[in-house]
Amino acid sequence: MKTKEIFIIAQMLLPVFMLANIPIDSTKTSNNKVFTVVLDAGHGGKDSGKYIARTAEKDIALSVVKMLGKELEAHRDIKVVYTRTTDKFLELYQRADIANNAKADLFVSVHCNAAAATSAKGNETWVLGIHRNADNLEVVQRENSVILLEEDYEEKYAGFNPNDPSSFATNLMIQEEYLDNSIEMASNVQTRFSADLKRKNRGVKQAGFAVLRLSYMPSVLIETGFITNAEERAFLKSSAGQKKVAHSIYDAILEYQKNRDINLFILDQVDTGSVDGAVPFQTAADNAIYKVQISASGNKLAPKSYNFQKLPEISREQDGSIYRYFTGNFSNLADAVELKKQAVAKGYKSAFIVVYENGVRRRL
Ligand SMILES: [Zn+2]
């Protein structure tokens, strides 16, 4: 994290800590975690992607990805991994393998759109989902069709038919786990495109893209515009246009990363609520439920294990403008004590146990 960002966040938190009269512990203001993002320039080599008026999708995708990567690399806490930096052919599963091996936090695939109607324009960002309709099936077929260029595709994709995304079945649950995060990232991209570039926002869409399907992390596929539309083609071919597109995606990634970081700030020191008046280690009722509070923040995050260092059984409760996040759900205090140790080891240094008695929560 850059010093400037730490400073801004520290400024945001300062009044909170002053209010609680607790000195700021610098170990709690940054998790020092490297955020790994995989940038995937769609197509390449013998696969040009869409090719209209001497404009190849693969070239635009590569230029945008290189510009985007350069901007991201200026951040010391961001690691950029590229699926390709040259005009080479890569099979879809290889792209996903690169991302999986890098244990990436985010996978971003960059593409250009095409349509029979030259009037079609705007940006759309795709996440993997099970909802399909005739509209998105067309885009899916186009982006997945590269599989037919690959050798032995039947073997590699285990009977996957590029023209029928529903033929995927095995790994759907894994991407579903990351769906909330993928949608959050996709929304960031769409928001930046319409706010910064004043482009037509075609929205966040869900479909069964192979490249998203095979990656085990939040993943998006960005259609940066239509190369079948003369105006958008000129924009996407120009260096200035590519730079703008890259910068919008850059902003969207930083916003996504920032949300992951804020999540790790431990604000439990300001915890009041049901804690007031509670006697420490007071014996709980027989039917008590124990959880470990790991975080409290103004950010509403999906209560998914992935968002919380893979801790189990995440739950979320809202208290006014603050969201509290918990791990575990035990009838046995010893289990909660054990899980609290794990949470502390994973960076939630001031995690604490809460107990619910007759639906009322208090801190132990
Ligand atoms: Zn494409």
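Preceding this paragraph is the structure being described.
Parameters and conventions
- Starting from 1, residues in each chain are numbered consecutively following that chain's sequence as written.
- Restriction of local features to residues with pLDDT of at least 70 applies here, the model being predicted, together with a cutoff of 80 or more for giving and counting side-chain atom pairs; totals for whole chains, interfaces and linings are based on all residues.
- Side-chain metrics in this entry use all non-hydrogen atoms of the structure; hydrogen atoms and water are not considered.
- Helix and strand labels come from DSSP, where a helix needs a run of H or I of at least four residues and a strand needs a run of E of at least two; each type is numbered from the N terminus.
- Three exposure classes are used, based on accessible area relative to the maximum for each residue type with a 1.4 Å probe and protein chains only: buried under 20%, partly exposed in between, and exposed over 50%.
- The contact criterion used is simple: two residues touch if any of their non-hydrogen atoms lie within 4.5 Å.
- Strand pairing is defined by DSSP finding a minimum of two bridges between the two strands.
- Angles shown run from 0 to 180 degrees and are taken between the N-to-C directions of axes, each axis being a line fitted to C-alpha atoms and, for helices, limited to the stretch in contact.
- Definition used in this section: a nonpolar core is a set of buried Ala, Val, Leu, Ile, Met, Phe, Trp, Tyr and Cys residues joined via side-chain atoms within 4.5 Å.
- Each helix should span, by expectation, one fewer than its residue count multiplied by 1.5 Å.
- Think of the arc as the fan of directions from the helix axis to the C-beta atoms.
- Pairing of N or O atoms within 3.5 Å defines a polar contact, subject to two protein rules: one partner must be a possible hydrogen donor and the other a possible acceptor, and residues neighboring in sequence count only if both atoms are side-chain atoms.

## Digging into the overall build of the chain
- For the chain, the helix and strand inventory stands at 11 helices and 13 strands.
- Taking all 364 residues of the chain together, 51% fall into the buried category.
- Restricting the contact set of the chain to residue pairs at least 6 apart, pairs at least 24 apart contribute 78%.

## Here's the deal with the sheet that holds strand 13 (residues 360-363)
- Ordered by their spatial adjacency, five strands build an open sheet running 10-11-9-12-13, and the pairing between neighbours is antiparallel. The strands lining the two open edges of the sheet, one partner per strand, are strand 10 (314-319) and strand 13. Strand-to-strand twist in this sheet, taken as the mean axis angle between neighbours without regard to direction, amounts to 35°.
- Across four bridges, strand 12 (residues 352-357) lies against strand 13 in antiparallel orientation. Each bridged residue has a counterpart across the sheet, and for Val 355 the counterpart in strand 13 is Arg 362.
- On the sheet, helix 11 (residues 333-345) packs against strand 9 (289-297), strand 11 (322-330) and strand 12 and is oriented at approximately 25° with respect to strand 9.

## Looking at the environment of Ala 234
- If you trace the backbone, Ala 234 turns up in helix 9 (residues 230-237).
- Taking the C-alpha atoms as reference points, Ala 234 and Thr 55, separated by 179 residues in sequence, lie 9.4 Å from one another.

## Brief notes about the nonpolar core
- In terms of nonpolar packing, the biggest core is built from 38 residues, with Val 37, Leu 39, Leu 72, Val 108, Met 185, Ile 249 and Ile 253 touching the most fellow members.
- Looking at this core, the elements with two or more residues in it are strand 1 (35-41), helix 2 (57-73), strand 4 (78-82), strand 5 (106-113), helix 7 (179-196), strand 8 (219-226) and helix 10 (239-262).
- Broken down by element, the residue count for this core peaks at eight residues, all from helix 10.
- Residues contacting Val 108, with those up to four places away along its chain left out, are Val 37, Val 38, Leu 39, Asp 40, Met 185, Val 220, Ile 222, Ile 249 and Ile 253.
- If you look at the next biggest cluster of nonpolar residues, it comprises 19 residues, including Val 292, Ile 294, Tyr 323 and Val 355.

## Description of the pairing of strand 12
- Among the six residues of strand 12, six are classified as buried, and the element is accordingly described as predominantly covered.
- In strand 12, alternate side chains face the same way, and those of Phe 352, Val 354 and Tyr 356 on one face and Ile 353, Val 355 and Glu 357 on the other are all buried.
- In textbook terms, the turn of a hairpin is the stretch between consecutive antiparallel strands, and for strand 12 and strand 13 this stretch comprises two residues, one of which, Asn 358, has a positive phi near 50°.

## Considerations on the environment of Ile 289
- Inspection of the secondary structure assignment puts Ile 289 in strand 9.
- Looking at Ile 289, the relative accessible area reads 29%, which means it is partly exposed.
- Setting aside chain neighbours within four positions, we find Ile 289 in contact with Asn 329, Phe 330, Val 354, Val 355 and Tyr 356.

## Things to note about helix 11
- Taking 1.5 Å per residue, 13 residues should reach 18 Å; helix 11 reaches 19 Å between its end C-alpha atoms and fits that length.
- Residues of helix 11 that are buried include every one of Ala 336, Leu 339 and Ala 343, and no others. Down the axis, helix 11 shows its buried residues gathered within 65° of arc, on one side only. Exposed positions of helix 11 whose direction lies more than 90 degrees from the buried face are Lys 341 and Ala 345.
- Buried positions along helix 11 lie against strand 9, strand 11 and strand 12.
- Near the N-terminus of helix 11, the side chain that reaches the backbone nitrogen of Ala 334, with its oxygen 2.9 Å away, is that of Asn 332.
- Where helix 11 terminates, the next one or two residues include Gly 347, which has phi positive at roughly 115°.

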